[in-house]
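# Structure at a glance
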Amino acid sequence: MPADDPRAADRLRGPLTAVLVTGPSMAPTLRHGDALLVRRRGRPIRPGDIVVAVFRSRPDLLVVKRAVRPAAGGWWVRGDNDLVTDDSRAYGVADVRGRVIARYWPRPGRLRRPCGYPPV
C-alpha cells in the first residue's frame, strides 16, 4: 500500500504491515518503490527512527519520515532529503502510527541511523 494513499492510515491494523515508499523525500536512505515492513507496537519511538506517521494538519496523508524529537504529544518528523519539505516544516506535528523495522524489497536489510543519532 503506498504511504501517501489516503486510505492507508486506516489500514495499519495488524502488528506488522507492508508499506510502499512513494516519492524522493527519504533519499538516499529510502527510494521510490522500496517496500518496508512496519511494526505498530514494540519499543517506544526514539529520535532517528524511521516511522510511518500522519500529520495532524493532514490526517488523510500517511508518510514515511525520520522521527526527530517529541513535540506537543506527537513527533516532529523530517525527510532525509533536505530539498523536499513535505514534512513537519510544512505540516507541523505528526502522530506516529508505526516504526519501520526493515526494507524487504528491492534491497532487503535493516535501516541504519545516520550520524548524530544514538545507536539502535
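Everything numeric in this text was worked out from a predicted model, so none of it was measured.

### Points about the pattern of salt bridges
Taken as a whole and assessed by the stated rule, the structure comprises nine salt bridges. Here the residues in one salt-bridge network are Asp34, Arg103 and Arg107, joined through shared partners.

### Observations regarding the nonpolar core
Judged by nonpolar contacts, the single largest core of 14 residues is most densely connected at Leu30, Leu36, Ile50, Val52, Val64 and Val100. Of all elements in the fold, only β2 (35-39), β3 (50-55) and β4 (58-71) reach the threshold of two or more residues within this core. Among the elements that take part in this core, β3 stands out by supplying three residues, more than any other. Non-local contacts of leucine 36, meaning those with residues more than four positions away in its chain, are made with Thr17, Ala18, Val19, Val21, Leu30, Val64, Val100, Ala102, Arg103, Tyr104 and Leu111. Val63, Trp75, Val77 and Ala94 belong to the second largest nonpolar core, which has nine residues in total.

### What to know about the side chain of aspartate 34
Position of aspartate 34 relative to the elements: it lies in the loop between β1 (16-20) and β2. Among the polar contacts listed, one links the side chain of aspartate 34 to the side chain of arginine 107, at a separation of 2.9 Å. Apart from residues no more than four positions distant in its own chain, aspartate 34 is found in contact with Val19, Leu20, Val21, Thr29, Arg103, Trp105, Pro106 and Arg107.

Conventions we followed
- Here the residue numbering is sequential within each chain, running from 1 through the sequence in written order.
- Only residues with pLDDT of 70 or above have their local features reported here, since the model is predicted, and side-chain atom pairs are shown and tallied only from 80 upward, although totals for entire chains, interfaces and linings are computed over all residues.
- The basis for every side-chain value is the complete set of non-hydrogen atoms in the structure, without hydrogens or water.
- For this document, the term salt bridge refers to a Lys or Arg side-chain nitrogen within 4 Å of an Asp or Glu carboxyl oxygen.
- We call a set of buried Ala, Val, Leu, Ile, Met, Phe, Trp, Tyr and Cys residues a nonpolar core when their side-chain atoms join them within 4.5 Å.
- Each residue's exposure class comes from its accessible area (1.4 Å probe, protein chains only) as a fraction of the maximum for that residue type: buried when under 20%, exposed when over 50%, partly exposed otherwise.
- By the criteria applied, helices consist of DSSP H or I runs no shorter than four residues and strands consist of E runs no shorter than two, each listed in order from the N terminus.
- Throughout, a residue-residue contact means that at least one pair of heavy atoms, one from each residue, lies within 4.5 Å.
- For the purposes of these results, a polar contact is taken to be a pair of N or O atoms within 3.5 Å, where, inside protein, one atom must be able to donate a hydrogen and its partner to accept one; residues adjacent in sequence count only when each atom of the pair is a side-chain atom.

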